[in-house]
Amino acid sequence: MSGILAGIRKVLGKDQPRPNNIVFIVFDSCRWDAYQAARTPNLDRIGLAEKRYSYASWTSPSHYTFLMGMVPHLSPKGVFASNVYREEFATWSQRLGLPAVEFKAFVPQLSLPAFLKSQGYYCEGWVSLPVLNPMTSMSAHFDRYELAPSHNDLQAILDRIEFRREEPSFFFINTGETHYPYLIPGESAADLPHLSGVHGVFKSLDEFLKNPGAFLQDRKEEEFFTPDQFRAFFAKQIACVEHLDKVVGRFLERCPANTYFLIMSDHGELFGEEGYFGHGPIFHPLVFEVFYLEGLRP
Ligand SMILES: [Zn+2]
């Protein structure tokens, strides 16, 4: 136990409740309107999602801002960005259950896990997209940081999570059910019978995940998806959100009471709007629209 936490407990006595566990989950690529269209009774119990905006249009820079301690913004008008950031960092006080958290506690590393470790937290990361793998700078300051065995299995990640007895825990999780090709565990291209012409794409999924830019470059123009296929993708993404809601619902049953959740997407996804598919090198409002919710375990 160290830093502010140790000081507080010394002054207030050991019987003071310890800081909240933090579970931070990112539904990769989940569009705001897909989340909104999904039935999410379990997630709604944690907090009602609001429409926010991602700081970036693709996975890596978006997760970097998360790991700085920043969440998707509300695009406020008439304010200085520095004041928004200051309030954002101060919000960690309520999330953790600590009396005061100031921006200066995050410097010089500007790292959420480094800050939490200074408060006595155990920090563990589980990522599903290879672009966030443990060899990248994303893993800095974590006690443990793993690439999940599958790109689309939040259940498998949550099954591996153990809350610590001796110290509050921070779990940072990225899951890919809502990422292209929008499959829940056990599904395959065969489960998408109406997507004729797309099956070859699924065979190349591993290559796509490793290097999406090169993959899409290789696709011929005439292979671009049809409006029907885009509609099917949107429906699949909604179904994936509903699946994730059930997974989170089961996890809630075994979470300690003082567990605080932050759940969001890292960017949106384009399904044919103005000729765009996916996310990344796209300048379009829909790629920045995300869902965001937070709250204590109900
Ligand atoms: Zn992403």
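The rules we used
Residues numbered from 1 in each chain as written. Predicted model: local features only at pLDDT ≥ 70, side-chain atom pairs only at ≥ 80, totals over all residues. Helix = DSSP H or I, 4+ residues; strand = E, 2+ residues; numbered from the N terminus. Buried ≥ 20, exposed ≤ 12 C-beta atoms within 10 Å, placed from the backbone. Contact = placed C-beta atoms within 7 Å. Pairing = 2+ DSSP bridges. Axes fitted to C-alpha atoms, helices over the stretch in contact; angles between N-to-C directions. Core = buried A, V, L, I, M, F, W, Y, C linked by C-beta atoms within 7 Å. Expected span 1.5 Å × (residues − 1). pLDDT = per-residue confidence, 0-100. Arc of directions from axis to C-beta.

**What about the overall build of the protein?**
Turning to step 1, where the next piece is worked out: Each helix and strand counted, the protein has 13 helices and nine strands in total.
Turning to step 2, where the next piece is worked out: Counting only residues that meet the buried cut, the protein has 38% of its 298 residues in that class.
Turning to step 3, where the next piece is worked out: The contacts in the protein between residues at least 6 apart in sequence include a share of 71% that link residues at least 24 apart.

**Looking at the pairing of strand S9 (residues 289-296)**
Turning to step 1, where the next piece is worked out: Inspection of the sheet shows strand S2 (residues 50-53) paired to S9 by four bridges, in the antiparallel sense. Directly across from Glu50, in S9, lies its bridge partner Tyr292.

**Notes on the sheet that holds strand S3 (residues 122-127)**
Paired through backbone hydrogen bonds, the strands of a sheet run either parallel or antiparallel to each other.
Turning to step 1, where the next piece is worked out: The mixed open sheet is built from seven strands, whose spatial order is S2-S9-S6-S1-S5-S3-S4. Strands at the two margins of the open sheet, each flanked by one partner only, are S2 and strand S4 (144-147). Here the strands of the sheet are splayed against their neighbours by 15° on average, with no regard to which way each runs.

**Some points on the nonpolar core**
Turning to step 1, where the next piece is worked out: Of all hydrophobic cores here, the largest spans 61 residues; its most connected members are Phe24, Tyr35, Ile173, Val241 and Phe291.
Turning to step 2, where the next piece is worked out: Top contributing element to this core by residue count: helix H12 (residues 227-252), with eight residues.
Turning to step 3, where the next piece is worked out: The residues contacting Phe291, other than those within four sequence positions of it, are Cys30, Trp32, Tyr35, Ala49, Lys51, Met264 and Ser265.

**Details of H12**
Turning to step 1, where the next piece is worked out: Its 26 residues place the ends of H12 38 Å apart at the C-alpha level, agreeing with the 38 Å of an ideal helix rising 1.5 Å per residue.
Turning to step 2, where the next piece is worked out: Of all the residues in H12, the buried ones are Phe233, Lys236, Gln237, Ile238, Cys240, Val241, His243, Leu244, Val247, Val248 and Phe251.
Turning to step 3, where the next piece is worked out: Among the structural elements, strand S1 (21-27), helix H2 (32-37), helix H3 (41-46), helix H8 (154-160) and strand S7 (270-271) are those in contact with the buried residues of H12.

**Points about the confidence of the model for the protein**
Close inspection of predicted coordinates is inappropriate for parts of the model with low pLDDT.
Turning to step 1, where the next piece is worked out: Summing up the model confidence of the protein, the mean pLDDT is 88 and the portion of residues at 70 or higher is 83%.
Turning to step 2, where the next piece is worked out: In this model, residues 8-13 is a region of pLDDT below 50 whose contacts with residues beyond four sequence positions or in other chains number five contacts.
Turning to step 3, where the next piece is worked out: Counting interchain partners and residues more than four positions distant, the pLDDT-below-50 stretch residues 193-203 has nine contacts.

**Re unusual backbone geometry**
Turning to step 1, where the next piece is worked out: Residue Val107 is joined to Pro108 through a cis peptide bond whose omega torsion reads 5°.
Turning to step 2, where the next piece is worked out: With phi around 70°, Ser29 is a residue other than glycine that occupies positive phi space.

**Points about the environment of His63**
Turning to step 1, where the next piece is worked out: By the secondary structure assignment, His63 is in helix H4 (residues 59-67).
Turning to step 2, where the next piece is worked out: With 24 C-beta atoms counted inside 10 Å, the residue His63 sits in the buried group.
Turning to step 3, where the next piece is worked out: Distance from His63 to Met138, taken between C-alpha atoms, is 7.9 Å for residues 75 residues apart in sequence.
Turning to step 4, where the next piece is worked out: Not counting the four nearest positions on each side in its chain, His63 is found in contact with Val26, Leu132, Met138, Asn174 and Asp266.

**Notes on the environment of Glu166**
Turning to step 1, where the next piece is worked out: By the element assignment, Glu166 lies in the loop between H8 and strand S5 (169-175).
Turning to step 2, where the next piece is worked out: When the C-alpha positions of Glu166 and Gly120 are compared, they lie 9.7 Å apart, and in sequence the two are 46 residues distant.

**Here's the deal with H4**
Turning to step 1, where the next piece is worked out: Looking only at H4, the buried set comprises Thr59, Ser62, His63, Phe66 and Leu67. The buried residues of H4 occupy an angular sector of 140° when projected down its axis, which confines them to one face.
Turning to step 2, where the next piece is worked out: Just beyond H4, the residue with positive phi is Gly69, at close to 100°.

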